[in-house]
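# Analysis of the macromolecular model
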Amino acid sequence: MTRYLELVCPAGNPVALRVAVDAGADSVYCGFRDCTNARNYPGLNFDRQELRAGIAYAHARGCRVFVAVNTFPRAGKIGSWHRAIDDAAACGADAVIVADLGLLDYTMRQHPQLRRHLSVQAAAASALSIRFYMEKFDVSRVVLPRVLAVHEVSNLIGQTGVEAEVFGFGSLGTMVEGRCFLSSYMTGRSPSSDGVCAPAECVSYREEAGGLVSCLSDVMINCFGSDEPAAYPTPCKGRFLVRGRPRYIFEEPIGLNVIPLLSALKASGVTALKIEGRQRGRNYVATVVSAFRGILDALADGRAPTGTPDVLRTVAEGQRETFGAYAKGWR
Amino acid sequence: MSKLTLGPVQFHWSAAQRRDFYARMADESPISCAYLGEVVCSKRLPWFENDLTLIAERLQRAGKQVVFSTPALITTDREVSMIASICQAAELIEVNDLACISLLNGKEFVSGPLVNVFNEGTLDVLIGMGAVRINAPIELSAPAIATLASKSRVEIEVFAFGRQPLAISQRCYHARSRDLHKDNCQFVCGEDVDGMEVAQLNGRPILTINGTQTLSYGHVTLLNELAELQASEVTHFRLSPHALDMVEIATIYHAVLDGTFDAEEGLAKLQEIAAPIPFINGYLHGHAGMEWLTNFAN
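Every value quoted in this text rests on a predicted model; they were computed, and no experiment measured them. (Residues numbered from 1 in each chain as written. Chains lettered and ligands numbered in written order. Predicted model: local features only at pLDDT ≥ 70, side-chain atom pairs only at ≥ 80, totals over all residues. Heavy atoms only, no water.)

### A word on the overall build of chain B
- For chain B, the helix and strand inventory stands at 9 helices and 12 strands.
- For chain B, the spread of C-alpha atoms along the three principal axes comes to 50 × 50 × 40 Å.
- Going through the 298 residues of chain B one by one, you find that 65% of them count as buried.
- Contacts spanning at least 24 positions in sequence make up 65% of the contacts within chain B whose residues lie at least 6 apart.
- Counting every atom, chain B has about 10700 Å² of accessible surface; 48% of that belongs to carbon and sulfur.
- For chain B, the centre of its 22 positive side-chain charges and the centre of its 35 negative side-chain charges are spaced 5 Å apart. (Helix = DSSP H or I, 4+ residues; strand = E, 2+ residues; numbered from the N terminus. Buried < 20%, exposed > 50% of the residue type's maximum accessible area, 1.4 Å probe, protein only. Contact = heavy atoms within 4.5 Å. Areas by Shrake-Rupley, 256 points an atom, 1.4 Å probe, with all protein chains shown as cover. Lys, Arg positive; Asp, Glu negative; His and termini not counted. Charge placed at Lys NZ, Arg CZ, Asp CG, Glu CD.)

### Here's the deal with the overall build of chain A
- In terms of regular secondary structure, chain A is built from 11 helices and 15 strands.
- For 331 residues, the compact-globule formula gives about 20 Å, and the C-alpha radius of gyration of chain A, at 19 Å, lands near that figure.
- Seen through its principal axes, chain A has C-alpha atoms that stretch 60 × 55 × 40 Å.
- Within the span of chain A, comprising 331 residues, buried residues form 63% of the whole. (Rg over C-alpha atoms; globule rule 2.2 N^0.38 Å.)

### Remarks on the domain arrangement of chain A
Residues and elements named next belong to chain A.
- In terms of domain boundaries, chain A breaks down into domain 1 (6-172 + 254-326) and domain 2 (182-247).
- The gap between the C-alpha centroids of domain 1 and domain 2 is 27 Å.
- Contact with domain 1, which involves 15 residues of that partner, is made by 10 residues of domain 2.
- Taking both sides of the interface into account, the surface hidden between domain 1 and domain 2 amounts to around 920 Å²; carbon and sulfur atoms contribute 41%.
- At the junction of domain 1 and domain 2, the tally comes to 1 salt bridge.
- In this structure, R74 and D194 form a salt bridge, with 2.6 Å as the shortest nitrogen-oxygen distance.
- The interface formed by domain 1 and domain 2 contains 2 residue pairs in polar contact (both at pLDDT 80 or more). (Domains from an automatic or database assignment. Buried area = accessible area lost by both parts, 1.4 Å probe. Salt bridge = Lys/Arg side-chain N within 4 Å of Asp/Glu carboxyl O. Polar contact = N/O pair within 3.5 Å; in protein donor to acceptor, adjacent residues only side chain to side chain.)

### Quick notes on helix 10 (residues 282-300) of chain A
All names here are of chain A.
- Compared with the 27 Å implied by 1.5 Å per residue over 19 residues, the 26 Å span of helix 10 between its first and last C-alpha is a close match.
- Among all positions of helix 10, only Y284, V285, T287, V288, V289, A291, F292, R293, I295, L296, A298 and L299 are buried.
- Following helix 10 by one or two positions, G302 has its phi on the positive side, about 85°. (Expected span 1.5 Å × (residues − 1).)

### Structural notes on helix 1 (residues 15-28) of chain B
All names here are of chain B.
- Counted at 1.5 Å a residue, the expected span for helix 1 with its 14 residues is 20 Å, and the 20 Å between its end C-alpha atoms agrees.
- Taken together, the buried positions of helix 1 are A15, R18, F21, Y22, A23, M25 and A26.
- Those residues of helix 1 that are buried lie in contact with strand 1 (3-6), strand 2 (33-36), helix 2 (52-61) and helix 8 (246-257).

### Notes on the state of the cysteines
Residue and element names in this part refer to chain A.
- Under the counting rule described, the total for this entry stands at 0 disulfides over all chains.
- Of all cysteine sulfurs in the structure, the one in C202 sits closest to C35, which takes part in no disulfide; the separation is 16 Å.
- In this structure C35 comes out as partly exposed when scored by relative accessible area, which is 21%.
- No disulfide involves C197; its sulfur sits 6.4 Å from that of C236, the nearest cysteine.
- Residue classification places C197 among the partly exposed positions, given a relative accessible area of 28%. (Disulfide = S-S within 2.5 Å.)

### Some points on the environment of H236 of chain B
Residue and element names in this part refer to chain B.
- Secondary-structure assignment places H236 in strand 11 (residues 236-239).
- Separated by 80 residues in sequence, H236 and I156 have C-alpha atoms that sit 6.3 Å apart.
- If near-sequence neighbours (up to four positions away) are discounted, H236 is found in contact with K3, T5, R133, E155, I156, E157 and V158.
- Reaching out from H236, the side chain makes a polar contact with the side chain of R133 at a distance of 3.4 Å.
- A distance of 2.8 Å separates a polar atom in the side chain of H236 from a polar atom in the side chain of T235.

### Here's the deal with the packing of helix 8 of chain B against helix 9 (residues 263-274) of chain B
All names here are of chain B.
- Two elements in contact, helix 8 and helix 9, have axes separated by 9 Å at closest approach and are oriented at 175°. The angle between helix 8 and helix 9 places the two elements in the roughly antiparallel class. Where helix 8 abuts helix 9, its residues E248, I249, I252, Y253 and V256 lie against A263, G266, K269, L270 and I273.
- Broken down by class, the residue content of the contact of helix 8 with helix 9 amounts to 7 nonpolar, 1 polar and 2 charged. (Axes fitted to C-alpha atoms, helices over the stretch in contact; angles between N-to-C directions. Parallel < 35°, antiparallel > 145°, perpendicular 65-115°, else oblique. Nonpolar A, V, L, I, M, F, W, Y, C, P; charged D, E, K, R; others polar.)

### Points about the nonpolar core
- With 204 residues, the main nonpolar core has V28, Y133 and Y326 of chain A together with L126 and Y253 of chain B as its most contacted residues.
- Residues from two domains meet in this core; each of domain 1 (6-172 + 254-326) and domain 2 (182-247) of chain A gives at least three.
- Those residues in contact with L126 of chain B that lie beyond four places of it in its chain are L101 of chain A together with L98, I101, F109, S111, V115, V117, A131 and I134 of chain B.
- By size, the runner-up hydrophobic cluster in this structure holds 7 residues, among which are Y29, F66, A95 and I97 of chain A. (Core = buried A, V, L, I, M, F, W, Y, C linked by side-chain atoms within 4.5 Å.)

### Regarding the pairing of strand 9 (residues 205-210) of chain B
Residues and elements named next belong to chain B.
- In terms of burial, strand 9 is largely enclosed, as 5 of its 6 residues are buried.
- Across 4 bridges, the pairing between strand 8 (residues 196-199) and strand 9 is antiparallel. Bridged to M196 within strand 9 is I209.
- In this structure, strand 9 lies alongside strand 10 (residues 213-221), joined through 4 bridges in antiparallel fashion. By the bridge assignment for strand 10, I209 is matched with T214.
- What sits between the antiparallel neighbours strand 9 and strand 10 is a turn of 2 residues, in which G211 has the positive phi angle 65°. (Pairing = 2+ DSSP bridges.)

### Some remarks on the environment of G259 of chain B
- Its location among the elements puts G259 of chain B in the loop between helix 8 and helix 9.
- Taking the C-alpha atoms as reference, G259 of chain B lies 9.4 Å from A227 of chain B; in sequence the two are 32 residues apart.

### Notes on the packing of helix 1 of chain B against helix 2 of chain B
Residues and elements named next belong to chain B.
- Two elements in contact, helix 1 and helix 2, have axes whose closest approach is 8 Å; the angle formed by their N-to-C orientations is 10°. Between helix 1 and helix 2, the angle falls in the class roughly parallel. Along this stretch, helix 1 crosses helix 2, giving a crossing that reads as right-handed. Each of R18, R19, Y22, A23, A26 and D27 in helix 1 lies in contact with helix 2, whose residues at this interface are I55, R58 and L59.
- Classifying every residue of the contact of helix 1 with helix 2 by side-chain character gives 5 nonpolar, no polar and 4 charged. (Left-handed = near helix turned anticlockwise from the far one by under 90°.)

### A look at the pattern of salt bridges
- Enumeration according to the criterion identifies 33 salt bridges over all chains in this entry.
- For R116 of chain A, the salt bridge identified is with D138 of chain A, shortest N-O distance 3.7 Å. Separated by 22 residues along the polypeptide, R116 of chain A in strand 5 (residues 115-118) and D138 of chain A in the loop between helix 5 (127-137) and strand 6 (141-143) bring together distant segments of the chain.
- Residue R116 of chain A is classed as buried on the basis of its relative accessible area of 2%.
- Between R247 of chain A and D179 of chain B there is a salt bridge, with its nearest N and O atoms 3.0 Å apart. You can see R247 of chain A sitting in strand 12 (residues 245-247) and its partner D179 of chain B sitting in the loop between helix 6 (173-177) and strand 8, one on each of two chains.
- Connected via shared salt-bridge partners are E6, R64, R115, R141, E163, E165 and K274 of chain A.

Quick look at the structure:
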């Protein structure tokens, strides 16, 4: 059977890696247990030994492993990021996922044979930008930002010939990735430098007369009535007063799901489909990876998928889904 | 002494407002350099681009350096050709999307505050590509800026006054706030000369919307920090234009820089101009960006 799209799955920790591999991932992505990767949450990620073992497990089952070193190194502390790249190479990673210019440059010089995937944190959203990274840093693949419509994805691939990975399921940011400072504006910690957005230790909920209030640091992000499901207080999914009226000015608490668009994405020349969610548990990984494995295999066999399996709705953010920017009119 | 620069107008000001603004800044303000052009939404540029040459000439006659700023996000082919022609015509360009570097044909450039330069490795790469001045990203702390400046062979600029750009999107939130789409936005962003206030549900203001851009609610104010940053070899301080008396604001910053009066006196004068919008400076002290700190170890 020919592969329809490469299924790239989150491995937040060694257990999730094995679950994803067993559920049919073509590739998994993971990071080290520090601020060198953009999912630096407590209890997640890998130490060097765990990565080596995880790679052996995946490779024995025909699955590739990508290591995300996709935060922006801090001034004067760049050594930790260089070590992360060196160690990923030494452990036998199939690629590193990188966003920072200096780190791309280091990787290209020190490990020319190691595949470089451009992280979504670099937000390369134009042909010009993609060519810049291909020409200057010889990146093999670009993870496209979640801000493009399907016809734009198609144009970009046509114009650049790039090997493209796109997001298919999971959490959805509305800002250009790698350049959003809303989290650090409120908490002091950001995805760019610390690898965290809306860190859990800054989150609180409290009951008030009007409903359940969610806060990030001291900032009130939302207030849910008894008929609404509560959502995690991510700044860009908050409800705020604009011209005196409460509304989700950026985006609603909602998850991305592109299952109905898979054939259009395939036709546009996309190589790989990425499942977001290294911060999610093994149940999420098992559920989402097996569902997508089934759908991609059906498509590869020429069978039409039968829509979104109900089980995916139960794990989607806010239990609701959107096509995000892939659909016209999102902007 | 470090120099003062005037950042690009971030908001959708009318052509007439821009003409008046730059005429006054050219004639009366102590700034050394002005950044012209549109950084947020390329749809706005046709409203004022015919004036840019005259504005640039007036600023240059007044002895100010002129730099042309380019958008934070380059996506459409139309934007690419528009920016390519700016890059060809202008002497010095501010890059805010790395893709712009490909359009410069090796020309020198300024790396804008919207480019992620968090470390010396990236600093070196950009200098190798032709950067002659590098803006510290708004999220950097004073020690991080000092580290960059100490390793830099080029000028270093810091965003020192105004609402701080926090995020950029393809989606237009100004249009969304009126149930419109970006493609048919009716330029509603022009109604808010300093952006549209976003408040928490408890009524406390928190952010500012400016089309596809999200900014802080408070004004970054680094009068207390100018001396330390200047000692760290920061060469330029950026004042971001607002519908306030920017000549007076530049004069206050200049007076604190040259020691005519101290930071405390400067803050009191600035408060009279900027109130009721609060001051913020958290990022510089390694805190949440929205905080205002006055007691900190030097």
